[in-house]
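Below are the chains, spelled out letter by letter.
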Amino acid sequence: GNSVTQMEGPVTLSEEAFLTINCTYTATGYPSLFWYVQYPGEGLQLLLKATKADDKGSNKGFEATYRKETTSFHLEKGSVQVSDSAVYFCALDNNAGNMLTFGGGTRLMVKP
Amino acid sequence: DTEVTQTPKHLVMGMTNKKSLKCEQHMGHRAMYWYKQKAKKPPELMFVYSYEKLSINESVPSRFSPECPNSSLLNLHLHALQPEDSALYLCASSLRTPEKLFFGSGTQLSVL
């Protein structure tokens, strides 16, 4: 079956620090990969996506590269801000139906 | 309009009550979803409607009853819930497949 594994949080960083949140996956076929972000008290928002190997998704300074050889889709940002504090979910869609598989989520806390 | 609107934002109900959660979108999306999210956990898929027909039911107890009256509306009828059903209930929509899910802000449900 499909599964997504994320590093456990919380991840606590100072403002302007470099961020990496690890995500690895197990899937059949050629899944599409996503990062969603959930701010406190809100639903999830799509942050970025990649649909095939070696694609790089990017948005708002965040980026992630679809690495088929390591089955990974790590999220990175060069300089985090306090406003980036949220929970980040890695997810995959195996393109076989209307279903996303989510990882467990990683809480990011950025301190001034 | 790129929003998914959920009402109410908060709901407290007793175990004998009947209540309904509502979700609305006007983006022309033909797939709509109900997710349940417990604190510090990823969303869990409950139901998927595709073109107003129930296409996926993830073995959800019958005390949860979904309804899709038209292509813009999705309801979740609640009856005889248990305290363990307390969670954030998220509605989402997508054009067809979950390539990009748009989530509402959710209804925070407490069952007493």
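Now for a quick tour of the structure. This structure is a prediction, so every number in the text was calculated from the model and none was measured. (Residues numbered from 1 in each chain as written. Chains lettered and ligands numbered in written order. Predicted model: local features only at pLDDT ≥ 70, side-chain atom pairs only at ≥ 80, totals over all residues. Heavy atoms only, no water.)

Time to look at the packing of aromatic side chains. The tally for this structure, following the rule as stated, stands at ten aromatic pairs over all chains. Measuring from centroid to centroid gives 5.9 Å for A:Phe102 and B:Tyr35, while their planes differ by 80°, and the two rings are edge-to-face. Remark: B:Tyr35 occurs in strand β4 (residues 31-37) and A:Phe102 occurs in strand β11 (residues 101-102); the pair is interchain, linking two chains. When the centroid spacing of 5.6 Å and the interplanar angle of 50° are considered together, the rings of B:Tyr35 and B:Phe103 count as tilted. Taken together, the positions of B:Tyr35 in strand β4 and B:Phe103 in strand β10 (residues 102-103) put the pair 68 residues apart, joining distant regions of the chain. (Phe/Tyr/Trp six-rings, centres within 6.5 Å; stacked < 30°, edge-to-face > 60°. Helix = DSSP H or I, 4+ residues; strand = E, 2+ residues; numbered from the N terminus.)

Take the sheet that holds strand β8 (residues 62-65) of chain A next. Residue and element names in this part refer to chain A. With respect to topology, four strands assemble into an open sheet ordered β3-β9-β8-β7, the strand pairing being antiparallel. The open sheet has two edge strands, β3 (19-21) and β7 (56-59), and neither has a second partner. Sheet twist, expressed as the mean angle between neighbouring strand axes with direction ignored, is 15°. Here three bridges tie β3 to strand β9 (residues 75-77), and the two strands are oriented antiparallel to one another. Bridging from a neighbouring strand, Thr20 pairs with Glu76 of β9. (Pairing = 2+ DSSP bridges. Axes fitted to C-alpha atoms, helices over the stretch in contact; angles between N-to-C directions.)

Moving on to the sheet that holds strand β8 (residues 73-79) of chain B. Strand pairing in a sheet relies on backbone hydrogen bonds. The paired strands run either parallel or antiparallel. Residue and element names in this part refer to chain B. Ordered in space as β1-β3-β8-β7, the four strands form an open sheet in which the pairing is antiparallel. At either end of the open sheet lies a strand with only one pairing partner, and these are β1 (4-7) and β7 (64-70). Taken pair by pair, the neighbouring strands of this sheet meet at an average axis angle of 20°, ignoring direction. The pairing of strand β3 (residues 18-25) with β8 spans seven bridges and is antiparallel. Residue pairing across strands places Ser20 opposite His77, the latter belonging to β8.

For the rest of this paragraph, the subject is the layout of surface pockets. The calculated volume of the largest pocket comes to roughly 650 Å³. Along the wall of the largest pocket there are 30 residues; nearest its centre are A:Gln38, A:Val87, A:Arg107, B:Gln37 and B:Lys40. Every element with two or more residues in the lining of the largest pocket is listed here: β10 (86-93) and β12 (106-111) of chain A together with β9 (87-94) and β11 (107-111) of chain B. Residue classes in the lining of the largest pocket are distributed as ten nonpolar, 13 polar and seven charged. (1 Å grid on protein atoms, 1.4 Å probe; cavity = no way out; pocket = protein on both sides within 12 Å on 5 of 7 lines; lining within 4 Å. Points joined across faces, edges and corners; volume = space filled by probe spheres on them. Nonpolar A, V, L, I, M, F, W, Y, C, P; charged D, E, K, R; others polar.)

Taken as a whole and judged by the stated rule, the model has two disulfides over all chains. Here A:Cys23 engages in a disulfide with A:Cys90; their sulfurs sit 2.0 Å apart. In this structure the cystine formed by A:Cys23 and A:Cys90 twists about its S-S bond by roughly -70°; its chirality is therefore left-handed. Taken as a pair, A:Cys23 in strand β4 (residues 23-26) and A:Cys90 in strand β10 lie far apart in primary sequence, 67 residues in all. As far as the burial class goes, A:Cys23 and A:Cys90 line up, both buried. Take B:Cys68: it sits in no disulfide, and the sulfur closest to it among the cysteines is that of B:Cys23, at 9.2 Å. (Disulfide = S-S within 2.5 Å. Buried < 20%, exposed > 50% of the residue type's maximum accessible area, 1.4 Å probe, protein only.)

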